[in-house]
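Residue-level structural notes
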Amino acid sequence: MMKKLFFITLFFGLIASLSCDEKTSVKEKTGAEEKEIAYSPEKDAEIQRRNLEHQKSTIKNRYPCDTLALKEYILNTFPDGTYLVDFDKTVTYDIPQSAVIYFENGFTLCVIAKSGDDERLIEMKNVVGFDQSFIDLDSTELGTPFFYLTLFRCSKNSFNITWETPIPSHGGFNDFSIKKWSYNNTEYIKVNFHYGRGIGHIDYNYFLIDGLTGEPHLLMTYEGINFKRTITNYNNDSFPDYYEFLYYDTGDRVYVKDSVAFIWDKKKNVYVNSRNSKQTRQY
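Conventions we followed
- Residues numbered from 1 in each chain as written.
- Predicted model: local features only at pLDDT ≥ 70, side-chain atom pairs only at ≥ 80, totals over all residues.
- Heavy atoms only, no water.
- pLDDT = per-residue confidence, 0-100.
- Contact = heavy atoms within 4.5 Å.
- Helix = DSSP H or I, 4+ residues; strand = E, 2+ residues; numbered from the N terminus.
- Phe/Tyr/Trp six-rings, centres within 6.5 Å; stacked < 30°, edge-to-face > 60°.
- Buried < 20%, exposed > 50% of the residue type's maximum accessible area, 1.4 Å probe, protein only.
- Lys NZ or Arg CZ within 6 Å of the ring centre and 35° of its normal.
- Polar contact = N/O pair within 3.5 Å; in protein donor to acceptor, adjacent residues only side chain to side chain.

**Describing the confidence of the model for the protein chain**
Confidence in the prediction of the protein chain, expressed as mean pLDDT, is 86, and 84% of residues score 70 or more. Per-residue pLDDT stays below 50 along residues 2–29; that stretch engages in 0 contacts with residues further than four places along the chain or on separate chains.

Here's what the structure looks like:
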(Lines give C-alpha, C1' and ligand atoms only; values in the text may rest on other atoms or scores of the structure.)
Protein backbone atom coordinates (compact mmCIF):
# COMPACT_ATOMS: atom_id res chain seq x y z
CA MET A 1 0.00 0.00 0.00
CA MET A 2 2.82 2.37 0.94
CA LYS A 3 4.66 1.52 -2.30
CA LYS A 4 1.51 2.26 -4.34
CA LEU A 5 1.02 5.58 -2.55
CA PHE A 6 4.68 6.45 -3.24
CA PHE A 7 4.30 5.89 -7.00
CA ILE A 8 1.05 7.88 -7.14
CA THR A 9 2.73 10.82 -5.36
CA LEU A 10 5.74 10.56 -7.65
CA PHE A 11 3.48 10.50 -10.75
CA PHE A 12 1.59 13.69 -9.84
CA GLY A 13 4.83 15.36 -8.77
CA LEU A 14 6.33 14.73 -12.20
CA ILE A 15 3.23 16.13 -13.93
CA ALA A 16 3.32 19.27 -11.77
CA SER A 17 7.03 19.69 -12.45
CA LEU A 18 6.57 19.37 -16.21
CA SER A 19 3.65 21.81 -16.10
CA CYS A 20 5.72 24.38 -14.22
CA ASP A 21 8.64 23.92 -16.60
CA GLU A 22 6.33 24.43 -19.58
CA LYS A 23 4.85 27.63 -18.10
CA THR A 24 8.31 28.95 -17.27
CA SER A 25 9.50 28.15 -20.78
CA VAL A 26 6.53 29.97 -22.36
CA LYS A 27 7.06 32.96 -20.08
CA GLU A 28 10.76 33.12 -20.86
CA LYS A 29 10.05 32.82 -24.58
CA THR A 30 7.45 35.60 -24.47
CA GLY A 31 9.82 37.85 -22.52
CA ALA A 32 12.62 37.20 -25.01
CA GLU A 33 10.34 37.98 -27.95
CA GLU A 34 9.19 41.24 -26.33
CA LYS A 35 12.78 42.24 -25.66
CA GLU A 36 13.75 41.43 -29.24
CA ILE A 37 10.93 43.63 -30.60
CA ALA A 38 11.78 46.43 -28.16
CA TYR A 39 15.24 46.68 -29.68
CA SER A 40 14.12 46.19 -33.29
CA PRO A 41 12.41 49.25 -34.86
CA GLU A 42 11.76 47.22 -38.03
CA LYS A 43 9.80 44.50 -36.20
CA ASP A 44 7.96 47.09 -34.12
CA ALA A 45 6.92 49.01 -37.24
CA GLU A 46 5.81 45.77 -38.90
CA ILE A 47 3.53 44.97 -35.94
CA GLN A 48 2.13 48.50 -35.95
CA ARG A 49 1.32 48.26 -39.66
CA ARG A 50 -0.43 44.91 -39.18
CA ASN A 51 -2.51 46.37 -36.36
CA LEU A 52 -3.40 49.40 -38.49
CA GLU A 53 -4.52 47.25 -41.40
CA HIS A 54 -6.68 45.19 -39.06
CA GLN A 55 -8.26 48.35 -37.61
CA LYS A 56 -8.90 49.70 -41.11
CA SER A 57 -10.72 46.51 -42.03
CA THR A 58 -13.03 46.71 -39.00
CA ILE A 59 -13.95 50.42 -39.14
CA LYS A 60 -16.50 51.28 -41.83
CA ASN A 61 -17.22 54.98 -41.25
CA ARG A 62 -13.87 56.58 -41.99
CA TYR A 63 -13.13 60.16 -43.04
CA PRO A 64 -10.08 62.15 -44.24
CA CYS A 65 -7.43 62.70 -41.54
CA ASP A 66 -9.17 60.52 -38.96
CA THR A 67 -7.34 58.88 -36.05
CA LEU A 68 -6.19 55.89 -38.10
CA ALA A 69 -4.79 58.23 -40.74
CA LEU A 70 -2.98 60.16 -38.00
CA LYS A 71 -1.45 56.95 -36.60
CA GLU A 72 -0.29 56.02 -40.08
CA TYR A 73 1.19 59.47 -40.66
CA ILE A 74 3.13 59.27 -37.37
CA LEU A 75 4.37 55.79 -38.27
CA ASN A 76 5.52 56.92 -41.72
CA THR A 77 7.08 60.31 -40.92
CA PHE A 78 8.19 60.43 -37.26
CA PRO A 79 11.35 58.79 -35.85
CA ASP A 80 11.23 55.10 -34.91
CA GLY A 81 9.49 54.42 -31.60
CA THR A 82 7.01 57.33 -31.84
CA TYR A 83 3.40 56.60 -30.92
CA LEU A 84 0.04 58.31 -30.56
CA VAL A 85 -0.74 58.02 -26.83
CA ASP A 86 -3.96 56.54 -25.41
CA PHE A 87 -6.05 57.99 -22.61
CA ASP A 88 -5.78 56.12 -19.33
CA LYS A 89 -8.58 53.58 -18.99
CA THR A 90 -11.11 54.33 -16.24
CA VAL A 91 -12.19 50.68 -16.18
CA THR A 92 -9.83 47.73 -16.65
CA TYR A 93 -11.68 46.32 -19.67
CA ASP A 94 -12.29 49.63 -21.45
CA ILE A 95 -11.19 49.82 -25.07
CA PRO A 96 -8.19 52.22 -25.26
CA GLN A 97 -9.06 55.60 -26.77
CA SER A 98 -6.45 57.70 -28.57
CA ALA A 99 -5.53 61.01 -26.89
CA VAL A 100 -6.89 63.22 -29.68
CA ILE A 101 -9.09 66.34 -29.74
CA TYR A 102 -10.59 67.58 -33.03
CA PHE A 103 -11.25 71.23 -33.88
CA GLU A 104 -12.88 73.04 -36.77
CA ASN A 105 -10.93 73.93 -39.92
CA GLY A 106 -9.10 70.61 -39.92
CA PHE A 107 -7.05 71.03 -36.73
CA THR A 108 -6.20 67.99 -34.62
CA LEU A 109 -4.55 68.17 -31.20
CA CYS A 110 -2.93 65.08 -29.73
CA VAL A 111 -0.38 63.71 -27.26
CA ILE A 112 2.57 61.84 -28.74
CA ALA A 113 5.28 59.82 -26.99
CA LYS A 114 8.72 59.38 -28.52
CA SER A 115 11.42 56.89 -27.58
CA GLY A 116 14.79 58.17 -26.43
CA ASP A 117 17.79 57.95 -28.75
CA ASP A 118 19.92 54.81 -28.47
CA GLU A 119 17.48 53.18 -26.04
CA ARG A 120 14.91 50.43 -26.28
CA LEU A 121 11.56 51.40 -27.78
CA ILE A 122 8.91 52.48 -25.31
CA GLU A 123 5.57 50.70 -24.87
CA MET A 124 2.19 52.26 -24.06
CA LYS A 125 1.76 49.93 -21.08
CA ASN A 126 4.83 51.58 -19.54
CA VAL A 127 3.82 55.23 -19.99
CA VAL A 128 0.05 55.48 -19.39
CA GLY A 129 -1.69 55.07 -16.03
CA PHE A 130 -1.10 55.53 -12.31
CA ASP A 131 1.47 52.76 -11.89
CA GLN A 132 3.57 54.23 -14.69
CA SER A 133 4.01 57.49 -12.76
CA PHE A 134 6.75 55.63 -10.84
CA ILE A 135 8.78 55.11 -14.03
CA ASP A 136 11.56 57.45 -12.87
CA LEU A 137 12.20 55.04 -9.98
CA ASP A 138 12.25 51.94 -12.19
CA SER A 139 15.70 50.46 -12.58
CA THR A 140 14.73 48.13 -15.42
CA GLU A 141 15.37 48.94 -19.08
CA LEU A 142 11.91 50.17 -20.08
CA GLY A 143 13.11 52.99 -22.30
CA THR A 144 12.56 56.71 -21.65
CA PRO A 145 9.33 58.22 -23.05
CA PHE A 146 9.35 61.85 -24.16
CA PHE A 147 5.87 63.36 -24.37
CA TYR A 148 4.83 66.07 -26.81
CA LEU A 149 1.65 68.07 -27.28
CA THR A 150 1.24 68.43 -31.04
CA LEU A 151 -1.19 70.39 -33.20
CA PHE A 152 -1.75 69.11 -36.75
CA ARG A 153 -3.75 70.61 -39.57
CA CYS A 154 -5.37 68.47 -42.22
CA SER A 155 -4.97 69.81 -45.76
CA LYS A 156 -5.77 67.83 -48.90
CA ASN A 157 -6.04 64.60 -46.92
CA SER A 158 -2.55 65.08 -45.47
CA PHE A 159 -1.20 66.31 -42.13
CA ASN A 160 1.04 69.29 -41.43
CA ILE A 161 2.47 70.19 -38.01
CA THR A 162 1.35 73.65 -36.85
CA TRP A 163 3.32 73.46 -33.60
CA GLU A 164 4.80 70.89 -31.25
CA THR A 165 5.85 71.49 -27.65
CA PRO A 166 7.37 69.12 -25.07
CA ILE A 167 5.51 67.94 -21.98
CA PRO A 168 8.08 67.72 -19.13
CA SER A 169 7.08 64.31 -17.78
CA HIS A 170 8.18 60.73 -18.43
CA GLY A 171 5.27 58.58 -17.31
CA GLY A 172 1.83 58.36 -15.75
CA PHE A 173 -0.23 60.07 -18.48
CA ASN A 174 -3.94 60.23 -17.66
CA ASP A 175 -5.82 62.56 -20.02
CA PHE A 176 -5.98 66.04 -21.53
CA SER A 177 -8.81 68.51 -22.17
CA ILE A 178 -9.66 72.08 -23.15
CA LYS A 179 -10.38 74.51 -20.29
CA LYS A 180 -11.06 78.25 -19.91
CA TRP A 181 -9.24 80.56 -17.53
CA SER A 182 -11.92 82.26 -15.44
CA TYR A 183 -10.01 85.57 -15.35
CA ASN A 184 -10.27 86.42 -19.07
CA ASN A 185 -11.72 83.29 -20.72
CA THR A 186 -8.42 82.41 -22.38
CA GLU A 187 -8.53 78.78 -23.45
CA TYR A 188 -5.83 76.41 -22.24
CA ILE A 189 -5.02 72.75 -22.69
CA LYS A 190 -4.75 70.84 -19.41
CA VAL A 191 -2.57 67.74 -19.71
CA ASN A 192 -3.06 65.61 -16.59
CA PHE A 193 -0.52 63.12 -15.20
CA HIS A 194 -0.80 60.83 -12.21
CA TYR A 195 1.84 61.39 -9.52
CA GLY A 196 1.96 58.27 -7.38
CA ARG A 197 4.95 59.23 -5.25
CA GLY A 198 3.08 62.25 -3.87
CA ILE A 199 -0.38 60.64 -3.94
CA GLY A 200 -1.59 63.38 -6.24
CA HIS A 201 -1.49 64.69 -9.78
CA ILE A 202 0.39 67.16 -11.97
CA ASP A 203 -1.22 69.34 -14.64
CA TYR A 204 0.71 70.89 -17.50
CA ASN A 205 -1.45 73.83 -18.61
CA TYR A 206 -0.77 75.19 -22.11
CA PHE A 207 -2.38 78.63 -22.43
CA LEU A 208 -3.42 79.66 -25.93
CA ILE A 209 -2.46 83.31 -25.47
CA ASP A 210 -2.29 83.88 -29.25
CA GLY A 211 -5.08 81.50 -30.18
CA LEU A 212 -4.96 77.86 -31.21
CA THR A 213 -2.30 78.29 -33.89
CA GLY A 214 0.09 80.34 -31.74
CA GLU A 215 2.83 78.69 -29.68
CA PRO A 216 1.23 77.94 -26.26
CA HIS A 217 2.48 79.19 -22.89
CA LEU A 218 3.17 76.51 -20.26
CA LEU A 219 2.25 76.80 -16.58
CA MET A 220 2.55 73.75 -14.32
CA THR A 221 0.14 73.19 -11.41
CA TYR A 222 -0.18 70.27 -9.02
CA GLU A 223 -1.80 68.98 -5.85
CA GLY A 224 -1.01 66.18 -3.41
CA ILE A 225 -0.84 65.37 0.29
CA ASN A 226 1.81 68.01 1.05
CA PHE A 227 2.16 70.15 -2.08
CA LYS A 228 -0.09 72.44 -4.09
CA ARG A 229 0.15 75.05 -6.83
CA THR A 230 -2.83 76.89 -8.31
CA ILE A 231 -3.42 79.29 -11.23
CA THR A 232 -4.07 82.93 -10.37
CA ASN A 233 -4.15 86.42 -11.89
CA TYR A 234 -1.62 88.48 -9.93
CA ASN A 235 -0.81 91.49 -12.13
CA ASN A 236 -3.71 91.73 -14.61
CA ASP A 237 -1.78 90.89 -17.77
CA SER A 238 -2.48 88.23 -20.42
CA PHE A 239 -0.25 85.60 -18.81
CA PRO A 240 -1.35 83.42 -15.89
CA ASP A 241 0.54 83.50 -12.59
CA TYR A 242 0.41 80.98 -9.76
CA TYR A 243 0.43 80.51 -6.01
CA GLU A 244 2.83 78.02 -4.46
CA PHE A 245 1.53 76.70 -1.12
CA LEU A 246 3.95 75.91 1.70
CA TYR A 247 3.02 72.99 3.95
CA TYR A 248 3.94 72.25 7.57
CA ASP A 249 4.30 68.68 8.80
CA THR A 250 4.00 68.11 12.56
CA GLY A 251 4.29 64.35 12.31
CA ASP A 252 0.64 63.69 13.08
CA ARG A 253 -0.87 66.11 10.57
CA VAL A 254 0.02 68.15 7.46
CA TYR A 255 -1.44 71.60 6.81
CA VAL A 256 -0.88 74.74 4.72
CA LYS A 257 1.38 77.21 6.51
CA ASP A 258 1.78 79.94 3.87
CA SER A 259 1.63 80.69 0.14
CA VAL A 260 3.75 82.78 -2.22
CA ALA A 261 2.96 84.16 -5.66
CA PHE A 262 5.12 83.58 -8.74
CA ILE A 263 4.67 86.16 -11.52
CA TRP A 264 5.48 85.71 -15.20
CA ASP A 265 8.31 87.98 -16.38
CA LYS A 266 7.87 88.46 -20.14
CA LYS A 267 11.36 89.89 -20.60
CA LYS A 268 13.18 87.04 -18.84
CA ASN A 269 10.67 84.34 -19.85
CA VAL A 270 10.53 82.90 -16.33
CA TYR A 271 8.26 82.92 -13.30
CA VAL A 272 9.67 85.09 -10.48
CA ASN A 273 9.01 84.71 -6.75
CA SER A 274 7.14 87.86 -5.62
CA ARG A 275 9.12 87.86 -2.35
CA ASN A 276 12.52 86.81 -3.65
CA SER A 277 13.37 87.87 -7.22
CA LYS A 278 16.40 85.55 -7.28
CA GLN A 279 14.11 82.51 -7.19
CA THR A 280 12.69 81.74 -10.64
CA ARG A 281 10.84 78.89 -12.32
CA GLN A 282 10.73 78.05 -16.01
CA TYR A 283 7.07 77.02 -15.92
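**Digging into unusual backbone geometry**
The backbone phi angle of Cys65 is positive, close to 60 degrees, even though this residue is not glycine. Relative to the elements of secondary structure, Cys65 occurs in the loop between α2 (41–58) and α3 (67–77). Of note, Asn236 is a non-glycine position whose phi angle comes to about 60 degrees, a positive value. Within the element layout of this structure, Asn236 appears in the loop between β10 (228–232) and β11 (241–249).

**What about the packing of aromatic side chains?**
Counting across every chain of the model gives 24 aromatic pairs. Aromatic pair Tyr63 and Tyr102: ring centres 6.5 Å apart, planes at 75 degrees, arrangement edge-to-face. Here the residue Tyr63 occupies a position in the loop between α2 and α3, and Tyr102 occupies one in strand β2 (residues 100–102), the gap between them amounting to 39 residues. For Tyr102, a relative accessible area of 36% gives the class partly exposed. On the numbers, 5.7 Å between centres and 65 degrees between planes, the contact of Tyr222 with Phe227 is edge-to-face. Site record: aromatic cluster; members linked through ring pairs are Phe87, Phe147, Phe173, Phe176, Phe193 and Tyr204. Its end group placed over the ring of Tyr148, Lys114 keeps NZ or CZ at 4.3 Å from the ring centre. Positioned above the aromatic ring of Tyr242 is the side chain of Arg229, whose terminal nitrogen or guanidinium carbon lies 3.9 Å from the ring centre.

**Thoughts on the side chain of Asn174**
Within the secondary structure, Asn174 sits in strand β6 (residues 173–180). The exposure class of Asn174 is buried, given its relative accessible area of 17%. There is a polar contact of 2.8 Å between the side chain of Asn174 and the side chain of Asn192. Contacts of Asn174, omitting those with residues within four sequence positions, involve Phe87, Asp88, Asn192, Phe193 and His194.

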